[in-house]
Amino acid sequence: MPFQPIPNITINGSNRFANGYIYGCNFSLGYSEAPTQISFNLVPADGGLNFGTVEPNLTSEYTLNIGNIIFTKAKLIEANESTSVGQKILTVNFIDGSYILDKIYVGLVNRHANAKSNRNATFAVPMYCSNCTGTASNKVTVAIQRNLAGEPNNYDSIKVDPKKGGYMILGIEQFVEGICDIPDVAYNFTSLLNGIRSAGIVINGLADLNPNYFQNYTGTLREVLSNWCSDFGYTFFWDFTSNTIQGLDLKVPVINVNNVYQQIKSNSQVPVESINFSKTLMGTYDQSLISYYLKPSRSKNNTLTRYQKVTWTCIKLKDVVNSEFASGRDAESFGVSAALQKFYPSARSLYNFYYLGGGLPGIGSEYNQKLALAMGLKSLGLTMPGAAAIFDAGYSNKVFQDALIRFPAGYFHVYLYSRDLESRWEGFEVGVADGFIGRFYTSNQVPPKDVSECSYYSYYSRKYRAEPEGKKYGKDEKYENPLTEVLTNPNGYVPIGISDKYILEKPATWGTTVEELDANIFKNGDPLEGYKPMYVPIEGVAKLLLLKALKKLGQEQLIDKITEKQEEGWVPVLAFIPDKGSVSAAFSVTVGQDKNVRAKKEDTDNSEKEEDEECETLCERSFVEEVCEGLYKECRDPKPPKTGHTSDTATSLRLNVKGNSAKIIFPLETPFNGYIEHNSETKWTLFGMKKVFGEIESSENTMSVKVLSQNITNDYDDYVGNVDGDGTTDVLVPVNGGNSFTRVTMQEWHNASSAQIVNSVKDIQEKLNFRVIGLNFDFINGYLDPKKGLQDIQVSYDENGFYADLAFATRPKQLQNKESLYSRLGPTMLNLNSFGRSPQASIARKGIN
């Protein structure tokens, strides 16, 4: 520090203070830990008995001269008057202006004061994402938006009075994974230095060696500045001649003080009372750094669940119906007949008899012959005489006669009829309506077979679950196939093409209920009851009367057919068939489409239930999962896809029955969405590692050896994000002390640590102590500097007058904190060019674990 040659000792230019004369003083040089203190001893002036009033305060300023040393803006902090036999002594203590460092508090935004500034920031976040099988990880970088309170590279708020002190609030909120998390607050050395200068304090000789290094130090400005200086290998002192902070780089060693010793020896005019100069090897040592990485073998596992969307296609009647299966009908007409049999059996009979069979007068065509079987009928191949002729020939049947009155255009015919066969067809069609339509689906997306592989060092399994769950039926499982039971018709025919399929059987909901149909149609019984053909078995008295009438009409061939022995179960019947015109006027059916609200509601209810189970609120969401799920879109979904039909449109029948209308809405047969859940588990062995870096060194000219042995296992793993093995790390270290960064390997990590941390003391240690009579330091004026090895100055007074004890010593190089050398590859702020990397690396680690 600079000194000015002042030949005497004064307070504010006078050797008199508080009605007393200065007869002695003492001053102790302060560094970063405490202010420089100066004390004066006074005796009453001019034989007086009392001193003047002295009030310590921090508002008055004093200029102090001690020989060549000048203190400006000193503060009187203590006055002590002591009285003994025959004398009074007043001792006053002063400190330099560095006291202001203890009156300024350094705090953090949103910790010690509300933040004054906020800004939106975009972070580049590095993370690891497992692949589809969970056997490997890829590193990705994504942009994440966060709103941060605070100010980068500067203060957020400041209020400092040069005499009263105050506060400065520093820091900016750091990146957090979840937007609901409370962020840490930290700042770099640049922010502190800018705050100090903005407070009106001049500071020199200190620089931010790593703007990417952040801390959250709080306390008085002296405490906080001391912490930062310690991290970067600095110290500081208050220059009381200029009232500024001066930094001292401890990384620059003082290797000798012999030049000061020679300066004293070479000047014979120096009033040196005593001098002591020593050289010693005591305390010298060779220090080596050994880094070792020890990691045991261990098992690591990864579980992964993903969802694959599956579309099921409905197996419809058109896929299985042929003439033989449906007794001559096509898929649509068979489906209509089945639906009518389920909801309105009378309408089924009329639909088949009149709309499909055209009234079946003599059956005739092959189509009608097959269709007639579905109604339990066979033709005798004969034409029946008209109704009037039969009655004119003597046949009498009141039921038929009444029917003729209602349907004068009706006619008679003789059929073979099997109620058993008709009943079986009716039951079969009801079974198709209830057990097949909209119930069976198939898909080519078959879940793979579960896989499980176990070896000495690893285990891998993959299990699958389908929702909804189907079943594979092979060619040899035709009769185990549920379709076989439903689709085997009364003739024992099973459609081809229903085996060797992956089949899903699910509930099918009809859009109409029997109750709804009853309310619309069956208000006063069945309105179609009297429109069905009437069958009277030709037997007993009726048979005799009919044969007699036929004989009168000359229909011997018909008589022969009636009297022939028939197949078991078949009986001849005389059928009265109302005319088609009358039936058509009373009953009609058309095929269309409508919305099946019931079925769609069930889909919606199921989907909502599943969604509720998977619901994640704002604070539960993890952007890491979302990003990784988006990275492998072909194999990763965030939650199970919704299940249900793709459309709520279904086939419907519109019935018109004697002026009343109703609808029969079929089950949905549109594609059905499901999914396959893939659950994989992988366990593998991570082999241990034992590595030692560095070697123990020694030299001939040191007294001892020191070995710093550091276990870098956890430290290194933290920086690399738990990536196992000797690979490229995620540590960023300054290159040649600059601001560019590079990733390092484990060996390079050790080398970088060795270059900075190893601090051998090999040079001969020198110490110089001497006492100067008087207060003239002109002969060493250029050496009164801590950078030249100055350690202490003590100015005192005794009966021999004033003298000063000075101490110099060499100083080994002191290094900065290792942590301040490195920066982790954590989230990087993209849109604040003045702000660097966040100190956290947890995001990089999370993607791997």
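As shown above, the structure is provided for reference.
Just so it is clear, the model here is predicted, and its values are computed rather than measured. (Residues numbered from 1 in each chain as written. Predicted model: local features only at pLDDT ≥ 70, side-chain atom pairs only at ≥ 80, totals over all residues. Heavy atoms only, no water.)

A. Here's a closer look at the side chain of Asn-596. Here Asn-596 lies in the loop between strand 28 (587-595) and helix 16 (597-614). Owing to a relative accessible area of 0%, Asn-596 belongs among the buried residues under this scheme. Side-chain polar atoms of Asn-596 contact the backbone oxygen of Thr-509, separated by 2.9 Å. In this structure the side chain of Asn-596 is engaged in a polar contact, spanning 3.0 Å, whose partner is the backbone nitrogen of Ala-599. Setting aside residues no more than four positions away along its own chain, Asn-596 makes contact with Thr-509, Trp-510, Gly-511, Asp-648, Ala-650, Ile-665, Phe-666, Pro-667 and Leu-668. (Helix = DSSP H or I, 4+ residues; strand = E, 2+ residues; numbered from the N terminus. Buried < 20%, exposed > 50% of the residue type's maximum accessible area, 1.4 Å probe, protein only. Polar contact = N/O pair within 3.5 Å; in protein donor to acceptor, adjacent residues only side chain to side chain. Contact = heavy atoms within 4.5 Å.)

B. Inspection of a nonpolar patch on the surface at higher detail. On the surface, Tyr-456, Tyr-457 and Phe-687 cluster together into a nonpolar patch covering about 440 Å² of accessible area. Among the residues examined, Phe-687 registers a relative accessible area of 53% and is labelled exposed. (Patch = residues over 30% accessible without salt bridge, like charges linked within 9 Å, V, L, I, M, F, W, Y side chains within 5 Å. Areas by Shrake-Rupley, 256 points an atom, 1.4 Å probe, with all protein chains shown as cover. Salt bridge = Lys/Arg side-chain N within 4 Å of Asp/Glu carboxyl O.)

C. Structural detail: empty space enclosed by the protein. Evaluated as defined, the whole model comprises one cavity of 30 Å³ or more. Its boundaries defined by the atoms lining it, the largest cavity holds a volume of some 30 Å³. Around the largest cavity sit Tyr-395, Val-536, Pro-537, Ile-538, Ala-542, Lys-543, Leu-546 and Leu-574, which together line it. Among the secondary structure elements, those contributing two or more residues to the lining of the largest cavity are strand 26 (534-537) and helix 13 (540-552). The greatest single-element share of the lining of the largest cavity, amounting to three residues, is contributed by helix 13. The class makeup of the residues in the lining of the largest cavity is seven nonpolar, no polar and one charged. (1 Å grid on protein atoms, 1.4 Å probe; cavity = no way out; pocket = protein on both sides within 12 Å on 5 of 7 lines; lining within 4 Å. Points joined across faces, edges and corners; volume = space filled by probe spheres on them. Nonpolar A, V, L, I, M, F, W, Y, C, P; charged D, E, K, R; others polar.)

D. Layout of the nonpolar core. Counting residues in hydrophobic clusters, the biggest one holds 89 residues, and the most contacted among them are Phe-412 and Phe-436. For this core, the element with the most residues is helix 5 (residues 331-343), which contributes seven residues. With residues up to four places along the chain from it excluded, the contact list for Phe-436 reads Ile-315, Lys-316, Leu-317, Val-320, Gly-431, Leu-483, Val-486 and Leu-487. Judged by nonpolar contacts, the second largest core, of 75 residues, contains Phe-27, Phe-189, Trp-228 and Val-772. (Core = buried A, V, L, I, M, F, W, Y, C linked by side-chain atoms within 4.5 Å.)

E. Examining unusual backbone geometry more closely. The residue after Glu-467, namely Pro-468, is reached through a cis peptide bond having omega -5°. Backbone geometry at Asn-19 places phi at a positive 60°, although glycine is not the residue there. Within the element layout of this structure, Asn-19 appears in the loop between strand 1 (9-11) and strand 2 (20-28). You will see that Ser-327, though not glycine, has its phi angle at about 55°, which is positive.

F. A look at the pattern of salt bridges. Counted by the stated rule, this structure contains 20 salt bridges. Across the pair Glu-516 and Arg-598 runs a salt bridge, and its minimum N-O distance is 2.7 Å. With Glu-516 in helix 12 (residues 514-521) and Arg-598 in helix 16, the pair connects residues that are 82 residues apart, well separated along the chain. Residue classification places Arg-598 among the partly exposed positions, given a relative accessible area of 33%. Residues joined by salt bridges that share partners form a network here, namely Glu-273, Arg-771 and Asp-805.

G. Molecular detail of the sheet that holds strand 28. Taken together, three strands build an open sheet; the order of strands is 28-30-31 and the sheet is antiparallel. In this open sheet, the two strands that pair with only one neighbour each are strand 28 and strand 31 (660-665). Averaged over neighbouring strand pairs, the angle between their axes works out to 25° when direction is ignored. Note that strand 30 (residues 649-657) and strand 31 share six bridges and pair antiparallel. Within strand 31, the position partnered with Leu-653 by the bridge is Ile-664. Lying over the sheet, helix 5 contacts strand 28, strand 30 and strand 31, oriented at roughly 65° with respect to strand 30. (Pairing = 2+ DSSP bridges. Axes fitted to C-alpha atoms, helices over the stretch in contact; angles between N-to-C directions.)

H. Up close: the packing of aromatic side chains. Following the criterion strictly, the structure yields 34 aromatic pairs and no others. Seen in terms of ring centroids, Phe-40 and Phe-94 are 5.8 Å apart; in terms of plane orientation they differ by 80°. Their pairing is edge-to-face. Of this pair, Phe-40 sits in strand 3 (residues 37-44) while Phe-94 is found in strand 6 (residues 87-95), placing the two residues 54 residues apart along the sequence. Given a relative accessible area of 0%, Phe-94 falls into the buried group. An aromatic cluster is built from Tyr-187, Phe-189, Tyr-213, Tyr-217, Trp-228 and Phe-232, whose rings are joined through pairwise contacts. If you follow Lys-342 out to its NZ or CZ, it ends over the ring of Phe-343, 5.3 Å from the centre. A cation sits over an aromatic face here: Arg-406 above Tyr-531, 5.9 Å from the ring centre. (Phe/Tyr/Trp six-rings, centres within 6.5 Å; stacked < 30°, edge-to-face > 60°. Lys NZ or Arg CZ within 6 Å of the ring centre and 35° of its normal.)

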